[in-house]
Amino acid sequence: MNRISSLFGIQYPIVQAGMIWASGWRLASAVSNAGGLGLIGAGSMYPDVLKHHIQRCKEATNKPFGVNVPLLYPDIEQLINIILEEKVQVVFTSAGNPKTWTPILKAAGIKVVHVVSSSAFALKSEAAGVDAVVAEGFEAGGHNGREETTTMVLIPAVCEKVQIPVIAAGGIGSGRAMAAAFALGASGVQVGSRFVATPEASSHINFKQAVVNAKEGDTMLSLKKLTPVRLIKNHFYEAVKTAEDGGAEPDALKVLLGRARAKTGMFEGNLEEGELEIGQVSALIHDIKPAAAVLEDIWNEFQTVRKQLGNLII
């Protein structure tokens with residue numbers, strides 16, 4: 001059993017990312033039941049909604065699962081209190097400084113992992129006491145690091161700097177990519193986009209189909225003056241690009257973004273006016289299949305590639 005499997009008490013060192021509007025209790029429990037670590041994405045949930053999803057997930061699985069919490073969320077204290085009350089075993093934090101909440105979570109016996117986009121942030125997370133880090137490369141969907149460091153470069157850079165386990169993320173949707181991440185020094189992988197294209201994901205079928213239909217070059221990093229986010233190109237993206245090319249300031253971009261833009265696209269299925277967050281790996285996703293099958297495919301291909309690489313003479 002490797003470091004990540006041991007840390008979480010799971011069968012496979014594969015984590016399903018806690019994505020907004022996609023990662024509810026159905027997806028998290030399905031991945032956990034299949035041997036990975038399922039995460040509920042709290043970024044799109046009010047505190048009472050998060051509580052409901054945690055309780056339903058407990059009913060749907062007796063395996064470990066966790067919650068992903070963006071630390072800049074306005075109701076962060078309420079979310080943390082619910083996590084503590086519900087005795088969640090694992091918390092992945094992102095988008096903020098882990099120093100504030102990590103000691104509180106750890107004191108409750110919770111395993112804490114922080115998402116980083118650079119080795120500098122990885123070192124700060126290690127100093128804050130987290131149990132592991134997710135090193136997420138530029139290829140990833142959703143909110144992204146400003147450094148724009150690719151997974152191929154980021155994983156070995158982070159592994160050189162920290163002693164705690166490193167989970168690779170960004171562009172990972174297959175066993176081949178998982179094997180590459182392990183070759184770079186990772187002890188596990190976090191998979192996001194591939195799990196969007198599953199029946200259990202809570203996102204709209206229109207969005208799932210858009211992910212399946214995406215080709216190379218169909219996603220771009222956008223809104224860099226606010227918080228960088230990787231989007232599928234659509235009418236909203238083109239409007240943002242036009243504004244950014246024209247030198248729009250953050251306040252103007254906030255007006256253009258408006259409210260509930262991500263919900264409009266990913267949850268309600270408006271493919272033109274919505275914010276469609278997905279990774280570059282969407283170009284390699286060709287079907288919608290159950291989460292358990294996705295996990296099994298990744299693991300089996302990973303094992304096959306490992307054997308093939310073991311037989312290579314260089």
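For the structure itself, look to the data block above.
Before going into details, it helps to say that this report is about the structure given with it. (Residues numbered from 1 in each chain as written. Predicted model: local features only at pLDDT ≥ 70, side-chain atom pairs only at ≥ 80, totals over all residues. Heavy atoms only, no water.)

**Description of unusual backbone geometry**
- Unusually for a residue other than glycine, Trp 21 sits at a positive phi of about 65 degrees.
- Structurally, Trp 21 is set in the loop between β1 (14–16) and α2 (25–33). (Helix = DSSP H or I, 4+ residues; strand = E, 2+ residues; numbered from the N terminus.)

**Quick look at the packing of aromatic side chains**
- Tallied over the full model, the rule gives five aromatic pairs.
- Centroid distance Trp 21 to Phe 267: 5.0 Å. Interplanar angle 40 degrees. Geometry classified as tilted. With Trp 21 in the loop between β1 and α2 and Phe 267 in helix α13 (residues 261–267), the pair connects residues that are 246 residues apart, well separated along the chain.
- We classify Phe 267 as partly exposed; its relative accessible area is 36%.
- Taken together, a centroid distance of 5.0 Å and an interplanar angle of 55 degrees make the contact between Phe 182 and Phe 302 tilted. You can see Phe 182 sitting in helix α8 (residues 175–183) and its partner Phe 302 sitting in helix α14 (residues 291–310), a full 120 residues away along the chain. (Phe/Tyr/Trp six-rings, centres within 6.5 Å; stacked < 30°, edge-to-face > 60°. Buried < 20%, exposed > 50% of the residue type's maximum accessible area, 1.4 Å probe, protein only.)

**Some remarks on the sheet that holds strand β3 (residues 65–70)**
- Taken together, eight strands build an open sheet; the order of strands is β1-β9-β8-β6-β5-β4-β3-β2 and the sheet is parallel. Of all the strands in the sheet, the pair left with one neighbour each is β1 and β2 (38–41). Sheet twist, expressed as the mean angle between neighbouring strand axes with direction ignored, is 25 degrees.
- Sitting on the sheet, α2 touches β1, β2 and β3, and the angle it makes with β2 is about 170 degrees.
- Lying over the sheet, helix α6 (residues 119–128) contacts β5 (111–116) and β6 (132–136), oriented at roughly 160 degrees with respect to β5. (Pairing = 2+ DSSP bridges. Axes fitted to C-alpha atoms, helices over the stretch in contact; angles between N-to-C directions. Contact = heavy atoms within 4.5 Å.)

**A closer look at helix α11 (residues 235–245)**
- What α11 keeps buried is the set Phe 236, Tyr 237 and Val 240. An end-on view of α11 places all buried positions within 100 degrees of arc, on one side of the element. Along α11, the residues that are exposed and aim more than 90 degrees away from the buried face are Thr 242 and Asp 245.
- At its buried positions, α11 is contacted by β10 (219–222), β11 (229–232), α12 (250–257) and α13.
- Capping of α11 at its N-terminal end is provided by Asn 234; its side-chain oxygen lies 3.2 Å from the backbone amide nitrogen of Phe 236.
- One or two positions beyond α11, positive phi appears at Gly 247, with a value near 85 degrees. (Arc of directions from axis to C-beta. Polar contact = N/O pair within 3.5 Å; in protein donor to acceptor, adjacent residues only side chain to side chain.)

**Quick notes on the environment of Tyr 237**
- Relative to the helices and strands, Tyr 237 is located in helix α11.
- According to the relative accessible area criterion, Tyr 237 is buried, its value standing at 5%.
- Taking the C-alpha atoms as reference points, Tyr 237 and Pro 199, separated by 38 residues in sequence, lie 26 Å from one another.

**Structural notes on the sheet that holds strand β7 (residues 142–143)**
- Taking strand neighbours across the sheet as the criterion, the three strands line up as β7-β11-β10 in an open arrangement whose pairing is antiparallel. Of all the strands in the sheet, the pair left with one neighbour each is β7 and β10.
- Here α11 sits on the sheet and contacts β10 and β11; the angle it forms with β10, its principal contact strand, is near 45 degrees.

**Regarding helix α4 (residues 76–85)**
- Of all the positions in α4, only Ile 76, Leu 79, Ile 80, Ile 82 and Ile 83 are classed as buried. The buried side chains of α4 occupy one side of the element, clustering within an arc of 160 degrees when seen end-on. Facing away from the buried surface of α4 by more than 90 degrees, the exposed residues are Glu 77 and Glu 85.
- Against the buried residues of α4 lie α3 (47–60), β3, β4 (90–94) and α5 (102–107).
- Directly beyond the C-terminal end of α4, a positive phi value near 55 degrees is found at Lys 87.

Keep in mind these values describe shape, not function.
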